[in-house]
Amino acid sequence: MTWGAYKNGNTFTRINLANGTKIRETEDDEFLLEFPESLDIACTTFCTGGCPFCYASCSVQGQHADLLGAKFIDTLHSFTEAALQVNDLNHPQLVDFLYKLKDKKVIANITVNQKHFESKEPLIKKLVDEGLVKGIGISLVDPTPEFIKKVKNYPNAVIHTINGILKASDLEAMRDQGLKILILGYKDLGRGHDYKEKNKINIKGRQKYLYDVLFSLPEHFECVSFDNLALEQLEVKRILTPEQWKEFYLGDEGSSSMYIDLVKQKFGVSSLCTEEEMHPLMDSIDEMFRLVQADREI
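Residues numbered from 1 in each chain as written. Predicted model: local features only at pLDDT ≥ 70, side-chain atom pairs only at ≥ 80, totals over all residues. Heavy atoms only, no water.

**Let's talk about helix H3 (residues 121-129)**
So, point 1. Among the residues of H3, Glu121, Ile124 and Leu127 are the ones counted as buried. Axial view of H3: buried residues confined to an arc of 120°, hence all on one face. Of the exposed residues in H3, the ones pointing more than 90 degrees away from its buried face are Pro122 and Asp129.
So, point 2. Buried residues in H3 make contact with helix H1 (94-103), strand E6 (107-113), helix H2 (114-119), strand E7 (135-139) and helix H4 (145-151).
So, point 3. Gly131 sits one or two residues past H3 and shows a positive phi near 75°. (Buried < 20%, exposed > 50% of the residue type's maximum accessible area, 1.4 Å probe, protein only. Helix = DSSP H or I, 4+ residues; strand = E, 2+ residues; numbered from the N terminus. Arc of directions from axis to C-beta. Contact = heavy atoms within 4.5 Å.)

**Structural notes on the pairing of strand E8 (residues 157-162)**
So, point 1. In terms of strand pairing, E7 meets E8 through four bridges, oriented parallel. Opposite Ile136, over in E8, you have Ala157 as the bridge partner.
So, point 2. Handedness of the crossover joining E7 and E8 through H4 is recorded here as right-handed.
So, point 3. Examined bridge by bridge, E8 and strand E9 (residues 180-184) share four bridges and lie parallel to one another. Across the sheet, residue His160 finds its bridge partner in E9, namely Leu182. (Pairing = 2+ DSSP bridges. Right-handed = clockwise from strand over helix to strand, strands pointing away.)

**Overview of a nonpolar patch on the surface**
So, point 1. A grouping of Tyr55, Leu189 and Leu272 is seen on the molecular surface, where their side chains present a nonpolar patch of about 220 Å² in accessible area.
So, point 2. Here Leu272 is to be found in the loop between strand E12 (266-268) and strand E13 (279-280). (Patch = residues over 30% accessible without salt bridge, like charges linked within 9 Å, V, L, I, M, F, W, Y side chains within 5 Å. Areas by Shrake-Rupley, 256 points an atom, 1.4 Å probe, with all protein chains shown as cover. Salt bridge = Lys/Arg side-chain N within 4 Å of Asp/Glu carboxyl O.)

**Points about the sheet that holds E13**
So, point 1. Sheet architecture is open: 10 strands sit in the order E10-E9-E8-E7-E6-E5-E4-E11-E12-E13, paired in mixed fashion. At either margin of the open sheet sits one strand with a lone partner, and together these are strand E10 (223-226) and E13.

**Here's the deal with the sheet that holds strand E1 (residues 3-8)**
So, point 1. What the three strands build is an open sheet, ordered E1-E2-E3; its pairing is antiparallel. Sheet topology places E1 and strand E3 (22-25) at the edges, where each strand pairs with a single neighbour. In this sheet, neighbouring strand axes are inclined to one another by 15° on average, regardless of whether the strands run parallel or antiparallel.
So, point 2. In the sheet, E1 pairs with strand E2 (residues 11-16) via six bridges, with the strands oriented antiparallel. For Lys7, the partnering residue across the bridge sits in E2 and is Phe12. (Axes fitted to C-alpha atoms, helices over the stretch in contact; angles between N-to-C directions.)

**Examining unusual backbone geometry**
So, point 1. For Phe79, which is not glycine, the phi dihedral falls at a positive 70°.
So, point 2. Mapped onto the elements of the fold, Phe79 is located in the loop between strand E4 (38-42) and strand E5 (81-87).
So, point 3. Backbone geometry places Lys105, a non-glycine residue, at a positive phi of 60°.
So, point 4. Relative to the elements of secondary structure, Lys105 occurs in the loop between H1 and E6.
So, point 5. You can call Lys105 partly exposed: its relative accessible area is 45%.

**Details of the pattern of salt bridges**
So, point 1. Within this structure, the stated rule accounts for 14 salt bridges.
So, point 2. A salt bridge links Glu37 to Arg24, with the shortest nitrogen-to-oxygen separation between them at 2.8 Å. Of the two residues, Glu37 sits in the loop between E3 and E4 while Arg24 sits in strand E3, which places them 13 residues apart along the sequence.
So, point 3. Asp129 is paired through a salt bridge with Lys125; the nearest N and O atoms lie 2.7 Å apart. Taken as a pair, Asp129 and Lys125 lie in helix H3 at a separation of four residues, close to a single helical turn.
So, point 4. For Asp129, a relative accessible area of 55% puts it in the exposed group.
So, point 5. Each member of the salt-bridge network shares a partner with another, and the members are Lys22, Arg24, Glu37 and Glu81.

None of this, on its own, says anything about what the molecule does.
As structure tokens, this is what we get:
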């Protein structure tokens, strides 16, 4: 089966299970969904990476979530995309959780740091080969030739970069290599706040550089994508035609997606939500999404 298809509210969606291409169609003027197309799920705050700008403040003092105890998992719809923040892949329930998602035909993608991608590649390859993981997001540390060579072994790998952390030399090393990159907005949260306070000049300089060269990036990469925060920070709309924006933009935060923190047992519109804006987990993903939709209307 190459394509998965489902009806969601007034929208008919098809997703290519091989490369992640998504096509939405509706007879109305806007897409009105009854359940989320994609989930951003925090699975743990334990991590040996120690990134100084980590917005979630993950560390070796962090905690693993109970991945198998959340009841809403049983209500997930087939072909929902779940982006799992798994850090260094040390969660003891991770593999069992991935099997559970596969049984429900949920498309699981994982995000790992480059150093963990390289040190635990045999495990990652096993997860991909067994169909437990479709996409791999790899948070960039240093784009060495060896790293780039390894990434090319995974057609669905996307290199994650951060606006303000990504350097000109990083782009130069990765350009014209047939790579896919995702540019994330800089989150002034957790350790990210302290790092920004101490490195304002460097961060602003890198953000200015990326802003200026943004229009040329599609010529040098197989795919360039952004999260909503980066779209705002880099004013991506300025380099697209109105037709292109309408074709590529998937909607505001919470319109088709939501954030779930399994460690804290809470959910909200996005990972930028404050503690006060988050809600306790519920037993139904549809009920949770309705609450997210209500929050967006406030």
